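# Structural characterization, general
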Amino acid sequence: MPQNEHIELFQKRYGFRMDYQERQRKKKAREHKLQSKMAQKLIGIKGKIFAKKRYSEKVQLKRTIKAHEEKKTRKKEDGKVPEGAMPAYLLDRENTSQAKLLSSMVKQKRKEKAGKWDVPLPKVRAQSEAEVFRVLKTGKSRRKGWKRLVTKVCFVGEGFTRKPPKYERFVRPMALRFKKAHVTHPELKATFCLPIVGVKKNPSSPMYTSLGVITKGTIIEVNVSELGLVTQGGKVVWGKYAQVTNNPENDGCINAILLV
Amino acid sequence: MSSCTAKTNVSLTSQDFIDIVLSKTQRKTPTVVHKQYKISRIRQFYMRKVKFSQQTFHDKLSTILTDFPKLDDIHPFYADLMNVLYDKDHYKLALGQINIALHLIDNVSKDYVRLLKYGDSLYRCKQLKKAALGRMATIMKRQAQSLQYLEQVRQHLSRLPSIDPNTRTLLICGFPNVGKSSFINKITRADVEVQPYAFTTKSLFVGHTDHRYLRWQVVDTPGILDHPLEDRNTIEMQAIAALAHLRAAILYVMDISEQCGHTIEQQVALFESIKPLFANKPLLVVLNKTDVIRLEELNPEQKALIQGFINDDIPVMEMSTFSEEGVMNVKTEACERLLSHRIEVKIKSKKVEGILNRLHVALPKPRDGCTRPAFVPEKVIEKRLEKGPKIKKKTERDLEVELEDDYSLDLKKNYDLPADFKYDVIPEFWEGKNIADYIDPDIMAKLEELEREEELRVESGVYEKEEEEMDDEEKEIHRLAGKIREKKAIIAIEGRIGRSGGAPVMPRAGRKRERSVSRLRSEFEELGVDMSNKSGAHFSRTKSRSASRPPIKKARADSAGRVSSSSRVTPRDQSGIRNVELKAKAKKMGHKAQGKMNQFGKAGEADRHIAVKMPRHLYSGKRGIGKTDRR
């Protein structure tokens, strides 16, 4: 025992008080009273935090109780085999059921009819110009109102230089220029932070596409060389499309789903 | 240890950290904002929150970073010890992670503050602030592991014994179970556990002892086994670290009775293997457990090994911690050796000349050649020789040591009584009388003499008291005084009884029927005053109200002609006063008494001064719950 653990040393040599175990037991037994007192007394933000914590604790408690009860009740075992169960030597094969074949055929036909883009967010709210642009008053007496400030997040390419300030109509502030997006792979369920290559299409207006404005539902092209994908022919895939799934101007970051 | 504690108070878990910072942000920044405020005000509001959270996180994390000691800045002994105990790499990594988190949080805050400048609605600004705080919280959540590790390190670090690496130290090492901890228990007050199993001592222990009016540190190490350095476990590595870095006198303890489970050959082999660590340090080999087997009783091969030490100029000493022989000698020898070693080192260093220049031992020069010894008269010398050698009286302690188990303390053996009376048991009472009263054989004679003396005194009138003759007046006064005393006592007791219970008391105005004529009459009659004569009386029976006659309302005027209200209770300034002149006199006296106070200009009840009309703690701050409309 280390030299300065006086309490433990004393306990080792002389043991505990005669009523120590009793007191511990009683203290523990009283704990539920303290909990209920706190639950009643706490108000305001503290009360909310406490209630939330308590709720999750209760959920856990109920789960364990239910699990215990399951053990207690005895059920007769019926010799039903769960559906889809296979003997071990057949496990590697991927069986396609009849229904699955049919549904995949139907989906294929529909895709061909609908068009090339089959995206996760088919419909998005259109952004009006009033939303996306803000009038910037210029001139000595602040009367000229032909300049516009972009209020949404945008992407400008590498090597982008502004037009001379006197002539630029659309001002894209530096704070709202983003270079990276958080892209989720839908099957792997993993998210990567990938650099943006360009804005492919903004569903609201082609003007936004040319300006590089990124809103919810925009298709962007991202650099996936990090993922190390390879085509059939052995070539390395380095760019893929992704669709933006959040409102970047509210969250401060671009979240997208990869279109595979 | 002064260099090496982590000074933090308890370091927090990551969840607590987040909770604390977020609740602090909520409390210390303004909470109210509306849609209709100017957009710049809304932006400022949310930017403030983001910045505040960032600052709080930054402060807390940087205190953690500064409080933990940097392994490069502390004494190499402690650096090595910490490496052994906590793994230097892990430690540095954990602190590095915290540092990274710090920078990440700063960056997040910067980005979001920049974004907030372009927020054009309350909703957007609020979402951005939520995103910012959320991101900072996520960064902190990832640090849970590091924080937990650092908390454990901090706790363990605060419990390390305080070893000063620069002072005089004795270091005790050797195989497990040879008796190192027993030795340190004997010379210091360190209460180290001693048990028969190996590796009882699992960490370094410190004790302090004194020698030559100086304080010495004694460090006890866990036992070391004989295998190469790479195979050593954490416990042994602590001992090695201590050996390597502390400049101390080394006491290598060996068990010559081989009760520890290792032969003398093995112990000598261990000595040889750790010999490089003993360079430049005064060394002492101590043979312990000599109560079981002495050095002379060993067989020649083992003796030869021990002789090998002596040949190498390493002093070998015997001791037994069980019987305590030789323990003090070992300690003295080790201390002396270390002291001389340290002095040598100091002399060799350059600082010595500066000190030596200032030291000068002055010896008086002899004036002439004749010696002047101490003068003892011849007679005294003769007497001393006559007396012979001093006979040492035998003490009880000596007797106890001699007789050992048979000894019992007998206080009655030196009594000055004849032998058969010495051990008699004497009772305290007999036949209803105290024996102590009769112990003296001449006690009756003494009593008779005393009585005779007393008679003589009484006859001569020493005890005559002068009885004064009191005349009637004085007698009367005495009697009255007695009565007054009695009455006072009764009133005091009644008052005390009356005050008890805490029953509700009617206010003075409500006590109507207290002062009545009948009461007056009875009290005065008790005192002996004749109350039958009514004509010259100032009191009269109060009129009793009857239902037939309506009360005649007239203005009541008191003797001074002032009209008073129809309350029955006399006001306070009249209640004790008999007539008008006395009232005037009382008023005058009252005014006079106040004059002095006024003249001194002392502050009275009306002169209370309030320094601060609006103390800040009453007029500012948020309420925990509720509105702040009323203050």
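The structure contained in this document is the topic of the report that follows. Quick caveat: nothing in here was measured; it's all calculated off a predicted structure.

So, about the side chain of Ser181 of chain B. Residue and element names in this part refer to chain B. With respect to the element layout, Ser181 can be found in helix H7 (residues 180-187). Looking at Ser181, the relative accessible area reads 10%, which means it is buried. In terms of polar contacts, Ser181 uses its side chain to reach the side chain of Asp220, at 2.9 Å.

So, about the state of the cysteines. Residue and element names in this part refer to chain A. Overall, the coordinates contain 0 disulfides over all chains when judged by the stated rule. We note that Cys253 lacks a disulfide partner, and the nearest cysteine sulfur, in Cys193, lies 9.4 Å from it. On the basis of relative accessibility, which here comes to 14%, the residue Cys253 falls in the buried class.

One number sums up the size of the second largest pocket: a volume of about 1800 Å³. Lining the second largest pocket are 40 residues, with Ile45 and Ile49 of chain A together with Leu22, Ser23 and Gln26 of chain B positioned closest to its centre. If you list the elements that add at least two residues to the lining of the second largest pocket, you get helix H3 (31-41) and helix H4 (44-72) of chain A together with helix H1 (14-28), helix H2 (39-67) and helix H5 (122-142) of chain B. The element best represented in the lining of the second largest pocket is H4 of chain A, accounting for 10 residues. Of the residues assigned to the lining of the second largest pocket, the class counts are 14 nonpolar, 10 polar and 16 charged.

Each partner contributes to the interface: chain B provides 26 residues, whereas chain A provides 24 residues. Taken over both partners, the interface formed by chain B and chain A buries close to 2100 Å², and the fraction arising from carbon and sulfur atoms is 47%. The interface formed by chain B and chain A includes 3 salt bridges. Asp191 of chain B serves as the salt-bridge partner of Arg13 of chain A, at 2.8 Å between the closest nitrogen and oxygen. Where chain B touches chain A, the interface holds 7 residue pairs in polar contact (both at pLDDT 80 or more). Looking at the side of chain B that touches chain A, the elements that each hand over two or more residues are helix H4 (88-116), H5 and strand E2 (205-211) of chain B. The element best represented in the side of chain B that touches chain A is H5 of chain B, accounting for 6 residues. Of the residues in the side of chain B that touches chain A, the class split is 13 nonpolar, 5 polar and 8 charged.

All names here are of chain B. Burial analysis of E2 places 5 of its 7 residues in the buried class, the great majority of the element. Two strands pair when backbone bridges link them, and E2 and strand E3 (residues 214-220) are joined in this way by 7 bridges, in the antiparallel orientation. The partner of Gly207 across the bridge, within E3, is Val218. A loop of 2 residues connects E2 with E3, the two strands running antiparallel in sequence, and Arg212 in this loop sits at a positive phi of about 55°.

On the surface, Glu448, Glu449, Glu451, Glu453, Glu454, Glu455 and Glu459 of chain B cluster together into a patch of negative charge. Within the fold, Glu449 of chain B resides in helix H16 (residues 443-460).

All names here are of chain B. Within H7, 6 of the 8 residues are buried, which leaves the element mostly enclosed by the surrounding structure. Within the span of H7, buried status applies to Lys180, Ser181, Ser182, Phe183, Ile184 and Ile187. Those residues of H7 that are buried are in contact with strand E1 (169-174), E2, E3, strand E4 (249-255) and helix H11 (327-348).

Reading guide: rules and limits
Throughout this document, residue positions are counted from 1 along each chain, in the order its sequence is written. Chain letters and ligand numbers both follow the written order, the letters beginning at A and the numbers at 1. Residue-level local features of this predicted model are given only where pLDDT is at least 70; pairs of side-chain atoms are given and counted only at 80 or more, and the full residue set underlies all totals for whole chains, interfaces and linings. Excluding hydrogens and water, the side-chain values take into account all heavy atoms of the structure. By the criteria applied, helices consist of DSSP H or I runs no shorter than four residues and strands consist of E runs no shorter than two, each listed in order from the N terminus. Categorising residues by exposure relies on relative accessible area from a 1.4 Å probe, with only protein chains included: less than 20% of the type maximum marks a residue as buried, more than 50% marks it as exposed, and the intermediate range marks it as partly exposed. Pairs of N or O atoms are called polar contacts if they sit within 3.5 Å, as long as, within protein, a hydrogen donor faces a hydrogen acceptor (for residues adjacent in sequence, only side-chain-to-side-chain pairs). Disulfide: a pair of cysteine sulfur atoms within 2.5 Å of each other. Detection works on a 1 Å grid of protein atoms alone, calling trapped sets that fit a 1.4 Å probe cavities and calling open sets with protein on both sides within 12 Å along at least five of seven lines pockets, with lining residues defined by an atom within 4 Å of a point. Grid points are joined across faces, edges and corners, and a volume is the space filled by probe spheres set on the points. Residues were grouped as follows: Ala, Val, Leu, Ile, Met, Phe, Trp, Tyr, Cys and Pro as nonpolar; Asp, Glu, Lys and Arg as charged; and all remaining residues, including Gly, as polar. In this description, contact between two residues means that some pair of their heavy atoms is separated by no more than 4.5 Å. Here the quantity called buried area is the total loss of accessible area, with a 1.4 Å probe, experienced by two parts when brought into contact, counted for both. By salt bridge we mean one thing: a side-chain nitrogen of Lys or Arg within 4 Å of a carboxyl oxygen of Asp or Glu. Only when DSSP finds a minimum of two bridges between them are two strands counted as paired. Patch building starts from residues that exceed 30% relative accessible area and form no salt bridge, then joins like charges within 9 Å and nonpolar side chains (Val, Leu, Ile, Met, Phe, Trp, Tyr) within 5 Å. Using a 1.4 Å probe, the Shrake-Rupley method yields the accessible areas, and only the shown protein chains count as cover for residues. In summary, the charge assignment counts Lys and Arg as positive and Asp and Glu as negative, without counting His or the chain termini. Working definition for charges: the position is that of NZ of Lys, CZ of Arg, CG of Asp or CD of Glu.

Read these as spatial facts, not as claims about activity.
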